[in-house]
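Structural characterization, general
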Amino acid sequence: MFGIEVIILISSLRFRLEAENFSPISIYCEGSTCREMQKLGDFKLPHFFNYPPYFTLQPVRETREKQVQLWKELILDYCRTQKIFVIKLEEEFPLFSNSVIERTLSHEAREAFLSALAAEGRAEWLDKGHRSCLILWHRIQEWADIIVNFVKDNGFEDSVMTVEEIRFGIESRRTELHGIDRTILMRALKLLEQKGKLAIFKGTSTDDEGIKFSV
Amino acid sequence: MSNFFSKAEVTSSGRPVFIHNEVECHLLSGVDLEPEDHHHFTPLKSGILILTTHRLLWLHSSSASAIPLAAISHIFSSRKSLKSVFHSPRIRFQVLVSPDGRLFDPGSGSGSSSGSGSRSVVVTAVIRGKGDCDGFLVKFWDSWRARAWESNETSGSGSGSGSGSGLASGSEAGTGTGGGLYSSDGSLRMVGVAGILRKEQQMWESTDKSLQDAFQDLNALMSKAKEMVMLAEKMRQKLLSGTSSQTSGTNDEDMGSKEEMQDWLLSVGIISPVTKESAGALYHQQLSRQLADFVRTPLERAGGMINLIDAYCLFNRARGTELISPDDMLQACSLWEKFDVPVMLRKFDSGVMVIQNKSHSDEEVFARIKSLAAKPEALRNGMSPTDAAMSLGIAPAMAKEHLLTAESKGLLCRDISPDGFRFYINLFPEIDPLNIYFVKDYGMCSTWIKAVSTSG
């Protein structure tokens, strides 16, 4: 009985949260000043997102370093909350444009920020032409740890699962693994395979592989 | 009947011999002279009619006849009738005829003008050739009315030295070759347009000659100068070799004399050999000082900083004729650091060179820029170089340089958009990357946020 109430409470909360997704503006207060700041989806944007120079690649070294740092954080945060794993430079990316101040990051700027992420292992270019970038808001090692925890929490130590089951199975729904990018997952799995924590084998169908855990 | 007209002399080349002060006025070719009735003279056909200040001359194959203008009693104005459209133009005039049937000749002393020779004959000049007949007629009238021969007579009678009276002035008549070009003293005559041109030509020639004479001396000077320059070069080599051989400090006397040598060379205007230390040639020194004086006023007007190119234009304009080259300008400015002048040359990162007051303080400008950038309008929309120029009271190019320098110091940030190139106050230092949603209460960020949110 208690459980049902909790479920109802949780689901109503979630409903409220989801409803808030549709409001473009949310008011929040920091310090003693209140101001409105827009959102992207349910992602809260920082105030400097409306600062026009933020969208121009700064030439002065010190200023540039700060700018790059802020963009790196923002990109990672956004991708984490929105579960975005790949950014394609030539496509529109909501974070890279601000319609309120009518500014958009140039291609050069985007490449600069993503390359900075790649330099510290938080992203990876998928092609030489730098058109597509894999975002590692969790490092591969972190994903590996998450997988291990997932296996342990659900008692899958000696069982077998397919890759797709890990990605979209019921068990993974409450974890960050749900909807994970396939490339990232495979990398993490391969890392674990090297450590002997599991074995990857080809499944019956051509595009699905199976994992045997031996965590 | 060819005796009717007065005699006119002709030179060996067929030009008429002009009498003293006679000037040719007009010429028509293909002219026939016809009397109103044939018993005065046979018509003269197809000659050249020359109008002068004194006579009408008719030339035909090296013989000439003359009608003194004094003998003309009337000139008929041209009748334009239907007939005249198809005929050749005609000039009709009336001449006085003396009792002997010949043309009245005032110069021959045969009585006074109006008394004798009461008879007159109408002569028609038929102009069959192409010529400006109307113009001729006008000049005819003018010459006839001017009565130039009368002043000639008075002056002629005044001088008793045999220049003759009236038309028969003797001096060239004797030579027979005189013609109209040369005056009595043998020098070229200066009359009419040709006279003016000749006068000018003479002036040019004399100037040229005197210049040449002057340059003769200069050439002598130049050759001496060459020797001097060679001497100076020798000195230079000696000095150079002297300084490079490092016997530093031991030979004070030597150093003293070397300095003397440098000063001497400098005063002569030759570049000193120890180029890094010396101030350069005297010319550049003087120019440099002059420039420093001159540039003070424009600097004030421009707010303390002026583009080198602008200064160059202004300076040259002020100098008027002795313009200096851009190289000279640059050298003059570079010399300022050797002197104690209140101005200096400054080069920005972008390559723009400016002249500014030494008292000009960058910090002061930055403080002003910062306060400008913190105004609500600038916080909302940024600052363009033009805005800054207007507020600071300087040229837009200078303002841009200042803004760029302020940016490089971290005071401003640039914003490049389709709207253009603008600068905002730099908020990045205030943002904490570990706490990006937090805004300090009294920092620049909160001021900015307030300014932005009021506009909506």
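The structure reproduced in this document is the subject of the present report. (Residues numbered from 1 in each chain as written. Chains lettered and ligands numbered in written order. Predicted model: local features only at pLDDT ≥ 70, side-chain atom pairs only at ≥ 80, totals over all residues. Heavy atoms only, no water.)

**Some points on the overall build of chain B**
Counting its regular elements, chain B contains 15 helices and 13 strands. The buried share of chain B, reckoned over its 456 residues, is 37%. The contacts in chain B between residues at least 6 apart in sequence include a share of 56% that link residues at least 24 apart. Summed over its atoms, the accessible surface of chain B is roughly 26100 Å², and 56% of this surface lies on carbon and sulfur atoms. (Helix = DSSP H or I, 4+ residues; strand = E, 2+ residues; numbered from the N terminus. Buried < 20%, exposed > 50% of the residue type's maximum accessible area, 1.4 Å probe, protein only. Contact = heavy atoms within 4.5 Å. Areas by Shrake-Rupley, 256 points an atom, 1.4 Å probe, with all protein chains shown as cover.)

**Comments concerning the packing of aromatic side chains**
The tally for this structure, following the rule as stated, stands at 24 aromatic pairs over all chains. Where Tyr51(A) meets Trp448(B), the ring centres are 5.4 Å apart and the plane angle is 80°; that geometry is what we call edge-to-face. With Tyr51(A) in the loop between β3 (43-44) and α2 (61-82) and Trp448(B) in helix α15 (residues 444-455), the pair connects residues from two separate chains. Trp448(B) shares its class with Tyr51(A); the two are buried. Ring centres of Trp71(A) and Phe96(A) lie 6.0 Å apart, and the angle between their planes is 65°; on these two criteria the pair is classed as edge-to-face. Of the two residues, Trp71(A) sits in helix α2 while Phe96(A) sits in the loop between β4 (86-88) and β5 (97-98), which places them 25 residues apart along the sequence. (Phe/Tyr/Trp six-rings, centres within 6.5 Å; stacked < 30°, edge-to-face > 60°.)

**Observations regarding the packing of helix α4 (residues 140-154) of chain A against helix α6 (residues 182-194) of chain A**
Residues and elements named next belong to chain A. α6 packs onto α4 with a crossing angle of 75° between their chain directions and a minimal axis gap of 9 Å. Classified by the angle between their axes, α4 and α6 sit roughly perpendicular to one another. Within the contact between the two elements, α4 uses Ile 140, Gln 141, Trp 143, Ala 144, Ile 147 and Val 148 and α6 uses Ile 184, Leu 185, Arg 187, Ala 188, Leu 189, Leu 191 and Leu 192. Residues of the contact of α4 with α6, tallied by class, amount to 11 nonpolar, 1 polar and 1 charged. (Axes fitted to C-alpha atoms, helices over the stretch in contact; angles between N-to-C directions. Parallel < 35°, antiparallel > 145°, perpendicular 65-115°, else oblique. Nonpolar A, V, L, I, M, F, W, Y, C, P; charged D, E, K, R; others polar.)

**Focus on helix α9 (residues 308-319) of chain B**
Since there are 3.6 residues in each turn of an α-helix, residues three or four apart along the chain are aligned in direction. Residues and elements named next belong to chain B. For α9, with 12 residues, the first-to-last C-alpha span of 16 Å sits near the 16 Å given by 1.5 Å per residue. Residues Leu 308, Ala 311, Phe 315 and Asn 316 constitute the buried set of α9. Axial view of α9: buried residues confined to an arc of 125°, hence all on one face. The outward face of α9, more than 90 degrees from its buried face, is lined by the exposed residues Ile 309 and Arg 317. Just downstream of α9 lies Gly 320, where phi reads positive at about 85°. (Expected span 1.5 Å × (residues − 1). Arc of directions from axis to C-beta.)

**Some points on the sheet that holds β4(A)**
All names here are of chain A. Read across the open sheet, the 3 strands follow the order β4-β8-β7; overall the sheet is antiparallel. Looking along the sheet, the strands with just one partner apiece sit at the ends: β4 and β7 (123-125). Sheet twist, expressed as the mean angle between neighbouring strand axes with direction ignored, is 25°. Sheet topology note: the β7/strand β8 (residues 132-135) ladder contains 3 bridges and is antiparallel. Paired with Trp 125 across the strands is Cys 133, a residue of β8. (Pairing = 2+ DSSP bridges.)

**Observations concerning the nonpolar core**
Judged by nonpolar contacts, the single largest core of 97 residues is most densely connected at Tyr54(A), Trp71(A), Ile75(A), Leu95(A) and Leu189(A). Excluding anything up to four places from it in sequence, Trp71(A) contacts Phe49(A), Tyr54(A), Phe55(A), Leu95(A), Phe96(A), Leu105(A) and Phe113(A). Membership of the second largest hydrophobic core comes to 34 residues, among which are Phe4(B), Phe5(B), Ile72(B) and Cys133(B). (Core = buried A, V, L, I, M, F, W, Y, C linked by side-chain atoms within 4.5 Å.)

**Some details on the environment of Trp137(A)**
Residues and elements named next belong to chain A. By the secondary structure assignment, Trp 137 is in the loop between β8 and α4. A C-alpha to C-alpha distance of 9.7 Å links Trp 137 and Thr 81, two positions 56 residues apart in sequence. Apart from the residues within four sequence positions on either side, Trp 137 is in contact with Leu 76, Cys 79, Arg 80, Lys 83, Ile 84, Phe 85, Arg 122, Glu 142, Trp 143 and Glu 176. Separated by 3.0 Å, the side chain of Trp 137 and the backbone oxygen of Ile 84 make a polar contact. (Polar contact = N/O pair within 3.5 Å; in protein donor to acceptor, adjacent residues only side chain to side chain.)

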